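Below, each chain spelled out in residue letters.
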Amino acid sequence: MRRGVAVLLFFPILFSACSPNNVTVDDSLQGYFDSAGVKGAFGLFDNGHGHFTIYNLSRYSDSFYTPGATFDIVQSLVAIQAGLSKNDSSLIVGDDAPATLVDVRIDTGTHSGPGHQAPLTLGECFRDTTPAGRDGFAYLSKRIRKDTLRKWVDTLQYGNKVVGRDTTISDTSAEFWEDNELKINCDQQLGLLKKLYFNQLPFFERTQEIVRRMMPVESNSAFRLAYKAAQGKKEDGHSIGWVEGWVEENKHPYFFVVNLESADMAKDLRRTGLEIAKKILRAQGFFQGKK
C-alpha cells in the first residue's frame, strides 16, 4: 500500500529539511524483496523536488548495520586527502602488503613479488568485490591508522561513530567495521552520497571528484547509474547487503539506497541488491531518459 507520512519526522542527515508532505512510504515495494527471498529497506531522494520515496520506514531510519565495503568511500576520501593515495590510479603496495596484493606491473616498474593477478590501484580495489579488494582496503586502513579514521568518522558524524570501542584492538586493526562496532543507517548512507555528489563533504573538491569517478558506472545516452555495493555480517550470523548510489537523467540526480538481509550466508547480496535497485528504479520510470 502506498501512503503519505502523516507524522512529523526527524532524521539528522537528510530528512531534517524535509516536511511530511515530501515523504511517500511505498509499502508495495516489499514485493521486490519478497521475490528475492530477503528482507530490507529502500530509499530514493529526488533532489530537484526534495521528495523521498521509502519502503520500510522503521528499518530505513532506526536500524543500524555494519557498512561493510561502503566504508571504502570514507577510507578513499581520507587516503586521498592525506596524500596516502595521489589518485585512483595510485598503487596500494608496500613491503608489508598481503600476498593477495602482490603483483608485477612492468609498465610502472613495480616489482613486489612473484605475480598474483590482483587489484593494486585504489580504483581497482574500490570496484573489486573479491577478497583481494577487501585486502586492499584492509591494508590501506593500516596505513591511515585508526586514530585518523576515528577523527574523520567523528567529523563526518558517520553512523554511530564507534571506531575501536575495545581498547585492546590494535591501532592498525582494519576489521572494526566488519566486527559490528561501526554501524550506519540508510538515511545516513543516503546523506553521505548526496554530500559527496555536490562536493559538500569536508574534503577538497578534487578528493571528492576522484572518489565519485571510482564508483562503478552503467550508462548510455539516456541515463548514468553510479553505485557502491557491499556485503557484511550481523551478530546473529545473517548477511547484510548494501547498494547505494545515484542515477542521473537529463543532468538531474536521484539518490538511492538499498539495505537487505538474508539468513543464507551463501547468497550474494551485492548482486541481489543491485537487481532490486534496478527493478525498483525501472518501475519508477528511470532508465528511459524521461525524468
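Residues numbered from 1 in each chain as written. Predicted model: local features only at pLDDT ≥ 70, side-chain atom pairs only at ≥ 80, totals over all residues. Heavy atoms only, no water.

(A) Main features of the packing of helix α3 (residues 72-81) against helix α8 (residues 205-214). At a minimum axis distance of 9 Å, the contact between α3 and α8 shows a crossing angle of 140°. By the angle between their axes, α3 is oblique relative to α8. Classified by chirality, the crossing of α8 by α3 is right-handed. Across from Ile 73, Ser 76, Leu 77, Ile 80 and Gln 81 in α3, the residues of α8 making contact are Arg 206, Thr 207, Gln 208, Ile 210, Val 211 and Met 214. Classifying every residue of the contact of α3 with α8 gives 6 nonpolar, 4 polar and 1 charged. (Axes fitted to C-alpha atoms, helices over the stretch in contact; angles between N-to-C directions. Helix = DSSP H or I, 4+ residues; strand = E, 2+ residues; numbered from the N terminus. Parallel < 35°, antiparallel > 145°, perpendicular 65-115°, else oblique. Left-handed = near helix turned anticlockwise from the far one by under 90°. Contact = heavy atoms within 4.5 Å. Nonpolar A, V, L, I, M, F, W, Y, C, P; charged D, E, K, R; others polar.)

(B) Geometry of unusual backbone geometry. In this structure, Asn 199 takes a positive phi of about 55° despite not being glycine. Residue position: Asn 199 is located in the loop between α7 (186-197) and α8. You will see that Phe 287, though not glycine, has its phi angle at about 75°, which is positive. Along the polypeptide, Phe 287 turns up in the segment after α9 (269-283). For Phe 287, a relative accessible area of 16% translates into the label buried. (Buried < 20%, exposed > 50% of the residue type's maximum accessible area, 1.4 Å probe, protein only.)

(C) How the structure looks around the confidence of the model for the protein. Residue-level pLDDT values for the protein average 84, and 78% of them are 70 or greater. Residue range residues 1-13 is modelled with pLDDT below 50. Its contacts to residues more than four positions away, or to other chains, number 30 contacts. Here residues 166-174 is modelled with pLDDT under 50, and outside its nearest four sequence neighbours on either side it reaches 14 contacts, counting other chains as well. (pLDDT = per-residue confidence, 0-100.)

(D) Up close: the packing of aromatic side chains. Here the structure, examined in full by the defined rule, presents 12 aromatic pairs. Plain terms: the ring middles of Phe 45 and Phe 52 are 4.5 Å apart, the flat faces sit at 40° to each other, and that makes the pair tilted. Grouping residues by exposure puts Phe 45 and Phe 52 together as buried. Ring centres 5.4 Å apart and planes at 85° place the aromatic pair Tyr 197 and Phe 255 in the edge-to-face group. Here Tyr 197, found in helix α7, pairs with Phe 255, found in strand β10 (residues 252-262); they are 58 residues apart in sequence, far enough to count as distant. Using a relative accessible area of 0% as the deciding quantity, one classes Phe 255 as buried. Here the aromatic cluster, defined as three or more aromatic residues joined through ring pairs, consists of Tyr 197, Phe 198, Trp 246 and Phe 255. Of note, Lys 228 hangs over the ring of Phe 126, and the distance from its end group to the ring centre comes to 4.0 Å. (Phe/Tyr/Trp six-rings, centres within 6.5 Å; stacked < 30°, edge-to-face > 60°. Lys NZ or Arg CZ within 6 Å of the ring centre and 35° of its normal.)

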